[in-house]
Amino acid sequence: MGDLRYNELRGEEVDYAIHRQDRTFLPEPEHCPLCPTRPGGAVTEIPHPAFEIVVFENRFPAFVAPHGASEVVVYTDSHEGSLGTLSAERVDSLMWVWRQRYQELGAREDVRYVLIFENRGVQVGVTLHHPHGQIYAYPFVPPVPERELQADERLGGCAICSLLAQELEDGRRVVYETAQVAVYVPYAARWAFEAHVVMRSHRASLLDCDAAELSSLAGALGALVRGYDALFDEPFPYVMAVHQAPTDDGPPRGSHLHVEFYPPLRTAGKLKYLAGSEQGAGTFIADTLPEESAATLREAIARGA
Amino acid sequence: MRWETAGPPGAGDAHTRTDGPREEPLKVAREEEHVGPLSFTREVKDDGRMLILYRRRGERGDG
């Protein structure tokens, strides 16, 4: 069940989960495995006729104990919807579910990093349309969060705190704010409509957030997704990743809770592809300026409110 | 945590499958746990995978 191989040339792990080749692929709504099991209907992954939020172990895991975990988080028993259309209370509940899973998975000896994420849209490889996210619990700290920790060291303190202060001072790329959360298109965004949802106070993880902060985070996520959907008047594809502190045994190494969105669209109907420079050299070539994208996104968030 | 088996197939509980008898009935942890405004219960699916049902206290399956 999965096999890690270390790619010496890249200095990174590659996970071979070849059983995933056979996972359910874009079923018709009546065969959705994430819908509830209706009386007299087909049995789904969730053997209940109704539910609020459900988490279960992925049938096609990329990581499995004692070398991590793979879980599915189903946001609602309705087949339609998104973070932007769920009730504010439901998204708030989701924050507590994320918090509970981060705490429980992170406490395991075989888990060094818990990544909560969502893939939305066929453009980013979604295989099930039912509103849901996933959790991968890695037996190592993956390269992206590791680079964020290195940025902390390079900047001599929390990189996110420093970048947040710069963004708030500049203001041109900020698209949404509350007392607890700020959302901005980062200064050096890779994707045209990349956005970071950042806790204003330094919080290493969801465990450090109080109820008001979690509610504010939920509100910001909903507002951003509604804004995304308003951009081109259609469901907006993205990859969403929740970055938190590693859960390894080492000393605390910084980390600042934030949620990153990587949308592949650079304009309506046009995808940004990772091609020669991005894949061959690791350097993103961007087609838009973050300040211009932020202005467009800010207006869309206002329209979507 | 205390685990119990749900009723046998056809017993009419919420965990009864509709595609025929299963080899092992679902195991359900009867104790409710809590996190923030949520209650949650754990189950073990037929194939041994874990499933957790979360419910906001005071709310019932509004989808």
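Since we're looking at a predicted model, the values are computed, not measured.

Visitor: Please provide a residue-by-residue account of the pattern of salt bridges, values included.
Guide: All names here are of chain A. Scanning the model with the defined rule gives 21 salt bridges over all chains in all. A salt bridge links Asp 170 to Arg 172; the shortest N-O distance between them is 2.9 Å. Residue class for Asp 170 comes out partly exposed when judged on its relative accessible area of 31%. For Arg 266, the salt bridge identified is with Asp 287, shortest N-O distance 4.0 Å. Note that Arg 266 is positioned in strand E12 (residues 265-267) and Asp 287 in the loop between helix H5 (276-281) and helix H6 (290-304), a separation of 21 residues in sequence. With relative accessibility at 32%, the residue Arg 266 sits in the partly exposed group.

Visitor: If you had to explain the nonpolar core to someone new, which residues and values would you point to?
Guide: Generally speaking, soluble globular proteins have nonpolar side chains that are buried together. Counting 62 residues, the largest nonpolar core has Val 197, Leu 217, Tyr 228, Phe 261 and Leu 297 of chain A as its most contacted members. Residues contacting Leu 297 of chain A, with those up to four places away along its chain left out, are Val 175, Val 185, Phe 193, Ala 195, Leu 224, Gly 227, Tyr 228 and Leu 231 of chain A.

Visitor: Got a sec to walk through the pairing of strand E2 (residues 12-16) of chain A? Specific residues and values, please.
Guide: On a regular strand, each side chain points to the face opposite its neighbour's, so the side chains alternate between the two faces of the sheet. All names here are of chain A. Pairing analysis gives five bridges linking strand E1 (residues 3-7) to E2, with the strands arranged antiparallel. Residue pairing for E2: Leu 4 is matched across the bridge by Asp 15. The antiparallel pairing of E1 with E2 creates a hairpin that spans four residues between the two strands, and Gly 11 there sits at a positive phi of about 70 degrees.

Visitor: Quick rundown of the layout of surface pockets? Include the residues and the values.
Guide: All names here are of chain A. The computed volume of the second largest pocket comes to approximately 670 Å³. Lining the second largest pocket are 30 residues, with Pro 33, Glu 45, Phe 56, Arg 59 and Phe 60 positioned closest to its centre. At the level of secondary structure, the elements contributing two or more residues to the lining of the second largest pocket comprise strand E5 (113-120) and strand E6 (132-138). The dominant element in the lining of the second largest pocket, judged by the number of residues it contributes, is E6, at three residues. Looking at the lining of the second largest pocket residue by residue, the class counts come to ten nonpolar, nine polar and eleven charged.

Visitor: Please provide a residue-by-residue account of the side chain of Glu 118 of chain A, values included.
Guide: Residues and elements named next belong to chain A. Within the secondary structure, Glu 118 sits in strand E5. Within the buried set, Glu 118 has no salt-bridge partner at all; the shortest N-O distance to an opposite charge, 5.0 Å, is to Arg 120. A distance of 2.8 Å separates polar atoms of two side chains, one belonging to Glu 118 and the other to Tyr 75.

Visitor: Tell me about a nonpolar patch on the surface, and please be specific about residues and values.
Guide: Residues and elements named next belong to chain A. Together, Phe 25, Leu 26 and Val 122 line one region of the surface with nonpolar side chains, adding up to about 290 Å² of accessible area. With respect to the helices, strands and loops of the structure, Phe 25 is situated in the loop between E2 and strand E3 (53-57). For Phe 25, a relative accessible area of 61% puts it in the exposed group.

Visitor: How would you summarise the interface of chain B and chain A if you had to cite specific residues and measurements?
Guide: Taken together, the contacts link 28 residues of chain B with 31 residues of chain A. Where chain B touches chain A, the interface holds five salt bridges. Measuring nitrogen to oxygen at the nearest pair gives 2.8 Å for the salt bridge that ties Glu 45 of chain A to Arg 49 of chain B. The interface formed by chain B and chain A contains 13 residue pairs in polar contact (both at pLDDT 80 or more). Elements with a minimum of two residues in the side of chain B that touches chain A: strand E4 (38-44) and strand E5 (50-56) of chain B. No other element matches E5 of chain B, which puts seven residues into the side of chain B that touches chain A. Summarising the sheet, E3 of chain A and E5 of chain B pair through four bridges and their orientation is antiparallel.

Here is what the cut-offs are and how they apply
Residues numbered from 1 in each chain as written. Chains lettered and ligands numbered in written order. Predicted model: local features only at pLDDT ≥ 70, side-chain atom pairs only at ≥ 80, totals over all residues. Heavy atoms only, no water. Salt bridge = Lys/Arg side-chain N within 4 Å of Asp/Glu carboxyl O. Buried < 20%, exposed > 50% of the residue type's maximum accessible area, 1.4 Å probe, protein only. Helix = DSSP H or I, 4+ residues; strand = E, 2+ residues; numbered from the N terminus. Core = buried A, V, L, I, M, F, W, Y, C linked by side-chain atoms within 4.5 Å. Contact = heavy atoms within 4.5 Å. Pairing = 2+ DSSP bridges. 1 Å grid on protein atoms, 1.4 Å probe; cavity = no way out; pocket = protein on both sides within 12 Å on 5 of 7 lines; lining within 4 Å. Points joined across faces, edges and corners; volume = space filled by probe spheres on them. Nonpolar A, V, L, I, M, F, W, Y, C, P; charged D, E, K, R; others polar. Lys, Arg positive; Asp, Glu negative; His and termini not counted. Polar contact = N/O pair within 3.5 Å; in protein donor to acceptor, adjacent residues only side chain to side chain. Patch = residues over 30% accessible without salt bridge, like charges linked within 9 Å, V, L, I, M, F, W, Y side chains within 5 Å. Areas by Shrake-Rupley, 256 points an atom, 1.4 Å probe, with all protein chains shown as cover.

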